[in-house]
Structure formats: C-alpha cells, structure tokens
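Close look at the chain arrangement
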Amino acid sequence: MRSSRTLVRQPDFAVHAVHCRDDHTGWSRPEPVTGYTIVLARRGGFRRRGRAGEEFVDPTVGYLTTPGEEERFAHPAGGDDCTSVHVSPRLWREMLDERPAPAVVHLDARVDLAHRLLLRATRRPEAGFAAAERLVRLVGTATGPAVGAPQRDRPVVEAARSALHDGGPQAEGLVPLARSLGVSPYRLSRSFQALVGVPLTRYRNRLRVGRALDRLAEGTPSLAELAAELGFADQAHLTRTLRAHLDHPPGELRRMLGEA
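These remarks concern the structure in this document. The shown structure was predicted, so the numbers you read here are calculated from the model rather than taken from an experiment.

Turning our attention to the overall build of the protein chain. On a plain count of helices and strands, the protein chain comes out with ten helices and ten strands. Its C-alpha atoms give the protein chain principal-axis dimensions of about 75 × 40 × 30 Å. Relative to its 260 residues, the protein chain shows a buried fraction of 47%. Put simply, 69% of the contacts in the protein chain that link residues at least 6 apart link residues at least 24 apart. Per element, the accessible surface of the protein chain, about 12900 Å² overall, is 49% carbon and sulfur. Computing the positive centroid from 38 side-chain charges and the negative centroid from 31, the protein chain places the two 2 Å apart.

Okay, here's the thing in structure tokens:
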C-alpha cells in the first residue's frame, strides 16, 4: 500500500513524501518511467530493478529515473518512507549541466544533511524559493557536477544581486533568476554563497528586511499590506523574518524608528 503527499509544488519541480507499507518479497510487475525523478529513502528500505540493475534502496542509496526506463520493486523489509522529487525536463538538464544522469547515487552524510534541509525548506512559508535552492544543492552534492572557479562567476553573481535589488519578475525564484543569467541554478547558488558569503535566499530576505525598515520608519499603518507589498506569504511570515534578522517584531521596530 503506497500513499503520497505533496510537500511543495513549483512550475519546474515538486517534492512528495511517499509512505509505503508493503510486505511482499516478490518482484512487482514492470512499471514504465514517464518523468525525471530523484528518490531518496528517509526510513526503511526496498529492492529495486532499474537501468543500473538491482540495488537495495535505503537512506544510504538513492536513484534517479529518466523517461523510457522500466523499474520493478520488492519490499522484503516491510515498508519505507521516501522523498520523491519530480523535475521538469528543462530543470533536469540545467541541474546536471547536460551530463547523463547517474542511475544510482551513494548518499554520504553531506547528502543526508542536504536532504534534511530540503525537507525543512518545504515547511517554510515561501517554500518555493528556499526549496529550489536546497534542491539544486542536493543534486549537486549527490552527483558532484563540475563548477567553474567562483571568481570567474563574479559578473554573474553581481548581475544576480542587481536583479534582486530591482525586484523584477525573474528574481521571484532561483530557477527563473538563473535562467535569466544563462547559468545553471546550482552554479548560481554555489557561486553566490561563495562570493557574497550568504545563501541567495537569505540575501533576498536581507533586502526585504531593509525595505521593511524603510516602510516602518515612514509609519506604514498596516503590517498585512506591508507583508503583501514586500512579497511575504503573510503578516506572520514578515514578523518571523524580522525577528530572525533583528530580534524585534515589526510593531516594536515601528515604535523604535518613530522615536525622535
């Protein structure tokens, strides 16, 4: 028995929590693969036959699928919990830098952490931006793409900073921002942090915190309207972000900035 719950859905990817309770030890019937998928086990394990042959999938081994493959499953261990990430063909090519996708990836502690951070990002109010950054980091860590020296990417990083300052539509997510600059999302995310010192998501929030302070100093009356104006999910999201960066809620900041 298998059930699936969507954690986050974006135009180019979706993250699902898959819960399987099956104790059959024999192989299932062949199942055709129709999309690009990354599967990582969180608990338990199962056997799988795919393009790399037969492997036991558990929290130390994951796999990637591409259309046209065929796979079969057996569950001698009784069941498992997995994360299944479905990716658009375009983002798949961008994340892998046009390289062939490995059939199986061995998940060391760094990949385990990247997996956990991806799941954590799906619980954030603005899950799309944060989850995209975590996803491309996860794939990069698991598959080890070759990335040029960060210093060579300084013009790209500066262009990304400029786009984030301008707040145009391409800056609403990591994937559209990377596409507008002609680089892979993983390369932009990695080089941005290497050269700026903070992840793209945090840098974007830093800019929005500055804009919030400007508006609070002007005495903006509605925090709900301010949250919507700055692109936060809601007033509570604005409050949490300001607390995280400044240790003060917006009402207190408005009072502090309004003092003579």
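Attention now moves to the sheet that holds strand S5 (residues 46–50). What the four strands build is an open sheet, ordered S3-S8-S5-S6; its pairing is antiparallel. A single partner strand is all that each edge strand has here, and the edge strands are strand S3 (31–32) and strand S6 (53–57). The pairing of S5 with strand S8 (residues 70–74) spans three bridges and is antiparallel. Across the sheet, Arg 48 pairs through a bridge with Phe 73, a residue of S8.

With that settled, consider the packing of helix H5 (residues 174–181) against helix H6 (residues 185–196). One way to put it is that H5 packs onto H6 with a least axis distance of 8 Å and a crossing angle of 95°. Classified by the angle between their axes, H5 and H6 sit roughly perpendicular to one another. Residues Leu 174, Val 175, Leu 177, Ala 178 and Leu 181 of H5 pack against Pro 185, Leu 188 and Ser 189 of H6. Looking at side-chain class alone, the contact of H5 with H6 contains seven nonpolar, one polar and no charged residues.

Let us now look at the pairing of strand S9 (residues 79–87). With eight of its nine residues buried, S9 lies for the most part within the structure. Of the strand pairs in this sheet, strand S2 (residues 13–21) and S9 are connected by nine bridges, and their pairing is antiparallel. By the bridge assignment, His 16 is partnered in S9 with Ser 84. Both strand S4 (residues 36–44) and S9 contribute to a ladder of eight bridges, which runs antiparallel. Note that in S9 the partner of Leu 40 across the bridge is Thr 83.

With that settled, the discussion passes to the sheet that holds strand S1 (residues 2–9). Ordered by their spatial adjacency, six strands build an open sheet running S1-S2-S9-S4-S7-S10, and the pairing between neighbours is antiparallel. The open sheet has two free edges, formed respectively by S1 and strand S10 (104–106), since each of these has just one partner strand. Mean inter-strand twist for the sheet, computed between neighbouring axes without regard to direction, equals 25°. On top of the sheet, helix H3 (residues 127–143) reaches S1, S2, S4, S9 and S10; it is set at about 70° to S2, its chief contact.

Applying the stated criterion across every chain, the model contains one cavity of 30 Å³ or more. The calculated volume of the largest cavity comes to roughly 50 Å³. In terms of lining, the largest cavity is formed by Ile 38, Leu 40, Leu 64, Val 105, Leu 138, Val 139, Ala 142 and Thr 143. Listing elements by their share of the lining of the largest cavity, those giving two or more residues are S4 and H3. For the lining of the largest cavity, the element with the most residues is H3, which contributes four residues. Within the lining of the largest cavity, the residues separate by chemical class into seven nonpolar, one polar and no charged.

A separate point is a positive patch on the surface. Positive charge collects at one region of the surface, where Arg 120, Arg 123, Arg 124 and Arg 134 lie side by side. Along the chain, the position of Arg 120 falls in helix H2 (residues 109–121).

On to the side chain of Thr 65, then. Within the secondary structure, Thr 65 is located in strand S7 (residues 61–65). Take Thr 65: its relative accessible area is 3%, and that puts it in the buried class. A distance of 3.5 Å separates a polar atom in the side chain of Thr 65 from the backbone oxygen of Gly 35. With sequence-adjacent residues up to four places away left out, Thr 65 is seen in contact with Val 33, Gly 35, Tyr 36, Thr 37, Arg 48, Glu 71 and Trp 92.

What counts and how
Residues numbered from 1 in each chain as written. Predicted model: local features only at pLDDT ≥ 70, side-chain atom pairs only at ≥ 80, totals over all residues. Heavy atoms only, no water. Helix = DSSP H or I, 4+ residues; strand = E, 2+ residues; numbered from the N terminus. Buried < 20%, exposed > 50% of the residue type's maximum accessible area, 1.4 Å probe, protein only. Contact = heavy atoms within 4.5 Å. Areas by Shrake-Rupley, 256 points an atom, 1.4 Å probe, with all protein chains shown as cover. Lys, Arg positive; Asp, Glu negative; His and termini not counted. Charge placed at Lys NZ, Arg CZ, Asp CG, Glu CD. Pairing = 2+ DSSP bridges. Axes fitted to C-alpha atoms, helices over the stretch in contact; angles between N-to-C directions. Parallel < 35°, antiparallel > 145°, perpendicular 65-115°, else oblique. Nonpolar A, V, L, I, M, F, W, Y, C, P; charged D, E, K, R; others polar. 1 Å grid on protein atoms, 1.4 Å probe; cavity = no way out; pocket = protein on both sides within 12 Å on 5 of 7 lines; lining within 4 Å. Points joined across faces, edges and corners; volume = space filled by probe spheres on them. Patch = residues over 30% accessible without salt bridge, like charges linked within 9 Å, V, L, I, M, F, W, Y side chains within 5 Å. Salt bridge = Lys/Arg side-chain N within 4 Å of Asp/Glu carboxyl O. Polar contact = N/O pair within 3.5 Å; in protein donor to acceptor, adjacent residues only side chain to side chain.

Purely geometric stuff here, so don't read any function into it on its own.
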